[in-house]
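# Residue-level structure breakdown
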Amino acid sequence: MFFPETADDDQDSYLQYMQLALVEARRAIEVEEVPVGAVIVRGQQVIAAAHNQRETLADPTAHAEMIAITQAASAMEDWRLSGCTLFVTLEPCPMCAGAILQARIPKVVFGALDPKAGSVTSLYQMLEDRRLNHTASVTGGVLAEECGRLLSDFFRSQRRLGKK
């Protein structure tokens, strides 16, 4: 699953941008949020960067991807994010996959699989479902071990503290 059909240049940029998404995920930990980070790139330029803020904003929709999509749409002054790539540390959930399709993002690169809510490869393949009005190409497993470890460590520490 890692880097299917990509040139070496693509692999290098995937690593670079996923590292930026990991920086965002670490920012989430600092504010006791689930460590998921996302960046949106257009060409070689990062136009959005976000992390989960559900607890901070008391908003169930404040996932990293949703916030990054909003930022990118604002930066582009257009809801259509064609020509953009979303990098996210965790496989998107159904809500985020739906937003990705609505925003017309053509490419998604993610780190760790989400066996409980993943809607890109794990439970559903929403982004590649030809029955929907848009599709996106998907590359998964980029820095998956590091992305997954960040989440595992966070939840382990939360359990030790007796938090949900």
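Relevant structure appears above.
Residues numbered from 1 in each chain as written. Predicted model: local features only at pLDDT ≥ 70, side-chain atom pairs only at ≥ 80, totals over all residues. Heavy atoms only, no water.

## Quick word on the environment of Tyr124
Within the secondary structure, Tyr124 sits in the loop between strand E4 (107-112) and strand E5 (137-139). Linking Tyr124 and Ala50, residues 74 residues apart in sequence, is a C-alpha distance of 24 Å. (Helix = DSSP H or I, 4+ residues; strand = E, 2+ residues; numbered from the N terminus.)

## Structural notes on helix H5 (residues 144-160)
Spanning 17 residues, H5 covers 24 Å between terminal C-alpha atoms, matching the ideal 24 Å at 1.5 Å per step. Listing the buried residues of H5 in full gives Cys147, Leu150, Leu151, Phe154 and Gln158. One side of H5 holds all its buried residues, which, seen down the axis, span an arc of 90°. Residues of H5 that are exposed and angled more than 90 degrees away from the buried face: Glu145, Arg159 and Arg160. At the C-terminal side of H5, Gly162 shows a positive phi close to 75°. (Expected span 1.5 Å × (residues − 1). Buried < 20%, exposed > 50% of the residue type's maximum accessible area, 1.4 Å probe, protein only. Arc of directions from axis to C-beta.)

## Re the pairing of strand E3 (residues 84-90)
Among the seven residues in E3, seven count as buried, and that is most of the element. Note that strand E1 (residues 37-42) and E3 share five bridges and pair antiparallel. What sits directly across from Val41, in E3, is Thr85. In this view, the connection linking E3 to its parallel neighbour E4 by way of helix H4 (residues 94-102) has right-handed handedness. (Pairing = 2+ DSSP bridges. Right-handed = clockwise from strand over helix to strand, strands pointing away.)

## A few points about the environment of Arg130
For Arg130, the location among the structural elements is in the loop between E4 and E5. The class for Arg130 is exposed, based on a relative accessible area of 72%. Among the polar contacts listed, one links the side chain of Arg130 to the side chain of Thr135, at a separation of 3.3 Å. (Polar contact = N/O pair within 3.5 Å; in protein donor to acceptor, adjacent residues only side chain to side chain.)

## Some remarks on helix H3 (residues 64-76)
With 13 residues, H3 extends 18 Å from end C-alpha to end C-alpha; this agrees with the ideal 18 Å at 1.5 Å per step. Looking only at H3, the buried set comprises Ala64, Glu65, Ile67, Ala68, Ile69, Ala72 and Ala73. Turning to H3, the residues buried within the fold contact E1, strand E2 (45-51), E3 and H4. Downstream of H3 by a residue or two, Glu77 has a phi angle that is positive, lying close to 55°. (Contact = heavy atoms within 4.5 Å.)

## Notes on the pattern of salt bridges
Working definition: two side chains of opposite charge can pair if their charged atoms are close together. Evaluation of the coordinates by the stated rule reveals six salt bridges. When the shortest N-O distance is used, the salt bridge between Arg131 and Asp129 registers 2.7 Å. In this structure, Arg149 and Glu145 form a salt bridge, with 3.3 Å as the shortest nitrogen-oxygen distance. Highlighted residues: Arg149 and Glu145, both in helix H5, separated by four residues, approximately one helical turn. (Salt bridge = Lys/Arg side-chain N within 4 Å of Asp/Glu carboxyl O.)

## Quick notes on unusual backbone geometry
Notably, Glu77 is not glycine yet its phi reads approximately 55°, a positive angle. Relative to the helices and strands, Glu77 resides in the loop between H3 and E3. Positive phi outside glycine occurs at Leu143, with the angle close to 55°.

## Quick notes on the sheet that holds E2
A sheet is described by the order of its strands in space; here five strands give the open sequence E2-E1-E3-E4-E5, paired in mixed fashion. Strand pairing shows two members of the sheet lacking a second neighbour, E2 and E5, which therefore form its edges. With strand direction ignored, the average angle separating the axes of adjacent strands in the sheet is 20°. Pairing of E3 with E4, which is carried by five bridges, proceeds in the parallel orientation. The residue of E4 that forms the bridge with Thr85 is Lys107. The strands that H3 touches are E1, E2 and E3; relative to E2, the one it contacts most, it runs at about 145°. (Axes fitted to C-alpha atoms, helices over the stretch in contact; angles between N-to-C directions.)

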